Amino acid sequence: MRTEHNEKKIAIMEKCFDCYAEHGLTGTGIKMLAEACGCTQGNLYSYFKNLDELIIESTAHCMSKVEDDFIAKAPTDPKDVMRFIEEVPHWTKEKHGKKYRLMYQVYTLPKYIEHGKKFFEGVNERYTAYAKMLEPKIGIPYTVITPLIFIFVRACVHYAMFEDEYYLNSQMEIIKLGVSLFIDKYKNEN
């Protein structure tokens, strides 16, 4: 069961992450973070030993929430896959673009790169679990879905960060074609 302290810590992480996403790591100081959280600067240190810990924990927590949002939009059957493919890249850009830019800013800094590696190792596990959840819904084996998820997510993130329509459209067309072929292939095998 969550304690009040843990709930407050989560609220602080989310507000600080949003503040960093809006203003960047170098444009956000401890005073701005405390104001965003409605607390004193010293109060922040009762939840985190330093700013590095705050940045690392808030990035991992908030990006896991982004993944949860993504998974909640999962297709429910083979016919729903195309809706998902067409809708999610634009939704990702609108809802999470700043968060993805911050995540990459954090996880590519030399002092945080090991945390980034750890986070992305977890992504491998989470996307495989997601593919296993999708397998019975869309009729494609999870071993085929998993690499498609990686391609799809990377295209969505690239689009969210850089708004590169050409790259997005080329990736989505190949994904749509691949998914259609796989749905037909596995439908005929069952």
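Refer to the structure above for everything that follows.
Residues numbered from 1 in each chain as written. Predicted model: local features only at pLDDT ≥ 70, side-chain atom pairs only at ≥ 80, totals over all residues. Heavy atoms only, no water.

Across its full length, the protein chain carries 8 helices and 0 strands. Mapped from its N terminus to its C terminus, the protein chain presents α and β elements in the order α-α-α-α-α-α-α-α. Overall, the C-alpha framework of the protein chain stretches about 65 × 40 × 25 Å when taken along its three principal axes. Across the 190 residues of the protein chain, 43% fall into the buried class. Within the protein chain, contacts between residues at least 6 apart in sequence are counted, and of these 63% link residues at least 24 apart. Here the protein chain has roughly 10,500 Å² of accessible surface; of this, 55% comes from carbon and sulfur atoms. Distance between charge centres in the protein chain, computed from 25 positive and 27 negative side chains, equals 2 Å. (Helix = DSSP H or I, 4+ residues; strand = E, 2+ residues; numbered from the N terminus. Buried < 20%, exposed > 50% of the residue type's maximum accessible area, 1.4 Å probe, protein only. Contact = heavy atoms within 4.5 Å. Areas by Shrake-Rupley, 256 points an atom, 1.4 Å probe, with all protein chains shown as cover. Lys, Arg positive; Asp, Glu negative; His and termini not counted. Charge placed at Lys NZ, Arg CZ, Asp CG, Glu CD.)

Taken together, the side chains of Ile174, Leu177 and Leu181 make up a nonpolar region of the molecular surface, amounting to roughly 300 Å² of accessible area. Of note, isoleucine 174 is situated in helix α8 (residues 165-189). (Patch = residues over 30% accessible without salt bridge, like charges linked within 9 Å, V, L, I, M, F, W, Y side chains within 5 Å. Salt bridge = Lys/Arg side-chain N within 4 Å of Asp/Glu carboxyl O.)

Turning our attention to the nonpolar core. Counting residues in each nonpolar core, the largest one holds 62 residues, and the members touching the most others are Ile12, Leu44, Tyr100, Ile149 and Phe152. For this core, the secondary structure elements donating two or more residues are α1 (4-23), α2 (30-37), α4 (51-72), α5 (81-107), α6 (113-138), α7 (142-162) and α8. Leave out the neighbours within four places in its chain, and tyrosine 100 touches Met63, Val66, Thr92, Val157, Ala160 and Met161. (Core = buried A, V, L, I, M, F, W, Y, C linked by side-chain atoms within 4.5 Å.)

Below, the discussion takes up α4. Over its 22 residues, α4 runs 31 Å from end to end, which matches the ideal 32 Å to within 8%, given 1.5 Å per residue. Of the positions making up α4, those classed as buried are Leu54, Ile55, Ile56, Ser58, Thr59, His61, Cys62, Met63, Val66, Glu67 and Phe70. Contacts from the buried residues of α4 go to α1, α2, α5, α6 and α7. The N-cap of α4, judged by a side-chain oxygen 3.1 Å from the amide nitrogen of aspartate 52 a few residues on, is asparagine 50. (Expected span 1.5 Å × (residues − 1). Polar contact = N/O pair within 3.5 Å; in protein donor to acceptor, adjacent residues only side chain to side chain.)

Below, the discussion takes up the packing of α4 against α6. One way to put it is that α4 packs onto α6 with a least axis distance of 12 Å and a crossing angle of 20°. Between α4 and α6, the interaxial angle falls into the category roughly parallel. Seen from above, α4 lies across α6 with right-handed handedness. Within the contact between the two elements, α4 uses Ile56, Ala60, Met63, Ser64, Glu67, Phe70 and Ile71 and α6 uses His115, Phe119, Val123, Arg126, Tyr127, Tyr130 and Met133. When the residues that make up the contact of α4 with α6 are grouped by side-chain class, the tally is 10 nonpolar, 2 polar and 2 charged. (Axes fitted to C-alpha atoms, helices over the stretch in contact; angles between N-to-C directions. Parallel < 35°, antiparallel > 145°, perpendicular 65-115°, else oblique. Left-handed = near helix turned anticlockwise from the far one by under 90°. Nonpolar A, V, L, I, M, F, W, Y, C, P; charged D, E, K, R; others polar.)

This part takes up the layout of surface pockets. What the largest pocket holds in volume is close to 220 Å³. Every residue lining the largest pocket is counted, 15 residues in all, and those nearest its centre are Tyr104, Phe120, Tyr127, Val153 and Val157. Listed by contribution, the elements that provide at least two residues to the lining of the largest pocket are α4, α5, α6 and α7. Here the lining of the largest pocket is composed, by residue class, of 13 nonpolar, no polar and 2 charged. (1 Å grid on protein atoms, 1.4 Å probe; cavity = no way out; pocket = protein on both sides within 12 Å on 5 of 7 lines; lining within 4 Å. Points joined across faces, edges and corners; volume = space filled by probe spheres on them.)

Turning next to the pattern of salt bridges. Within the structure shown, the criterion is met by 15 salt bridges. In this structure, glutamate 14 and lysine 65 form a salt bridge, with 3.0 Å as the shortest nitrogen-oxygen distance. Of the two residues, glutamate 14 is situated in helix α1 and lysine 65 in helix α4; the sequence distance between them amounts to 51 residues. Judged by relative accessible area, which is 22%, glutamate 14 ranks as partly exposed. Its relative accessible area of 38% is what places lysine 65 among the partly exposed residues. Put simply, Lys73, Asp80, Arg83 and Glu87 are held in one network by salt bridges that share partners.

Time to look at the environment of threonine 76. Relative to the assigned elements, threonine 76 resides in the loop between α4 and α5. Assessed through its relative accessible area of 52%, threonine 76 is described here as exposed. Here the alpha-carbon distance between threonine 76 and proline 136, two residues 60 residues apart in the chain, equals 9.5 Å.

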